[in-house]
Amino acid sequence: MTDNKSIVQQALTALVATGDVDALAPLLRDDFVHHRPDSTSTSKAEWLAAVRAALVPLAGMHVEIQHLLADGDHVVMHSRRRLPGGTAEIAVVDVWRLDDGLIAEAWEIIEPVSRAAANLTWWEPADH
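Remember, predicted model here, so these are calculated numbers, not experimental data.

A.B. asks: In this structure, what is going on with the side chain of Lys44? I would like to understand it.
C.D. replies: Within the element layout of this structure, Lys44 appears in helix H2 (residues 44–55). Dropping the residues within four chain positions of it, Lys44 is found in contact with Ala25, Leu28, Arg29, Asp30 and Phe32.

Here you go:
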């Protein structure tokens, strides 16, 4: 039986290596839900269509997995992704929930690496 970390790694590898969203589809449950706060897609079909559209300008993106951690039915992947045609880099944290060997839910946080320092001040008290 394939473990959850392997399933998530297989999904990302298939997607990045082939650029083919159809390679990802069989790894998602039919009732898959994507929870990214700014997302306009939630269902499996909507999310796959959004990923398909996003892959066009991202062809050739380099993905380096920094951490891949599993706890029960959840897998967390932290990756750094270098966009094609430049030096722009993003840090991405994906949280995946698996059910019976298929990805059931996903959460995603994306941050441009060049702007990371600006986000370190959110907890500082305002001047009174």
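A.B. asks: What exactly am I supposed to notice about H2 here?
C.D. replies: Since there are 3.6 residues in each turn of an α-helix, residues three or four apart along the chain are aligned in direction. With twelve residues, H2 extends 16 Å between its outermost C-alpha atoms, agreeing within 8% with the 16 Å of an ideal straight helix rising 1.5 Å per residue. On its buried face, H2 is in contact with helix H1 (4–18), strand E1 (28–34) and strand E4 (89–99).

A.B. asks: Just checking my understanding: could you explain the sheet that holds E4 for this structure?
C.D. replies: Hydrogen bonds between backbone groups are what pair the strands of a sheet, and the pairing can be parallel or antiparallel. Taken in spatial order, the five strands of this open sheet run E1-E5-E4-E3-E2, and their pairing is mixed. Across the chains shown, the open sheet's two edge strands, defined by having one partner strand only, are E1 and strand E2 (62–71). For this sheet, the mean inter-axis angle between neighbouring strands, taken without regard to orientation, is 20 degrees. Pairing of E1 with strand E5 (residues 102–112) involves three bridges; the strand directions are parallel. Of the residues in E5, the one forming a bridge with Val33 is Glu105. Relative to the sheet, H1 contacts E2, strand E3 (74–82), E4 and E5, its axis offset from that of E2 by approximately 160 degrees. Sheet strands in contact with H2 are E1 and E4, and its direction is about 70 degrees off that of E1.

A.B. asks: How do you make sense of H1 when you look at a structure like this?
C.D. replies: For H1, with 15 residues, the first-to-last C-alpha span of 21 Å sits near the 21 Å given by 1.5 Å per residue. Among the residues of H1, those classed as buried are Asn4, Ile7, Val8, Ala11, Leu12, Ala14 and Leu15. Mapping the buried residues of H1 onto a view down its axis gives an arc of 160 degrees, with all of them on the same face. Away from the buried face of H1 by more than 90 degrees, exposed residues Ala17 and Thr18 are located. Looking at the packing, one finds that the buried side of H1 touches H2, E2, E3, E4 and E5. Two or three places before Lys5, at the start of H1, stands the capping residue Asp3, its side-chain oxygen 3.0 Å from that residue's backbone nitrogen. Trailing H1 by a residue or two, Gly19 shows a phi angle of about 65 degrees, which is positive.

A.B. asks: Teacher, can you tell me more about unusual backbone geometry here?
C.D. replies: With the exception of glycine, the majority of residues adopt a negative phi angle, and the majority of peptide bonds are in the trans configuration. The residue Asp100 is not glycine, and still its phi comes out positive at about 55 degrees. Relative to the elements of secondary structure, Asp100 occurs in the loop between E4 and E5. Asp100 gets classed as exposed once you look at its relative accessible area, which sits at 76%.

Thresholds applied
- Residues numbered from 1 in each chain as written.
- Predicted model: local features only at pLDDT ≥ 70, side-chain atom pairs only at ≥ 80, totals over all residues.
- Heavy atoms only, no water.
- Helix = DSSP H or I, 4+ residues; strand = E, 2+ residues; numbered from the N terminus.
- Contact = heavy atoms within 4.5 Å.
- Expected span 1.5 Å × (residues − 1).
- Pairing = 2+ DSSP bridges.
- Axes fitted to C-alpha atoms, helices over the stretch in contact; angles between N-to-C directions.
- Buried < 20%, exposed > 50% of the residue type's maximum accessible area, 1.4 Å probe, protein only.
- Arc of directions from axis to C-beta.
- Polar contact = N/O pair within 3.5 Å; in protein donor to acceptor, adjacent residues only side chain to side chain.

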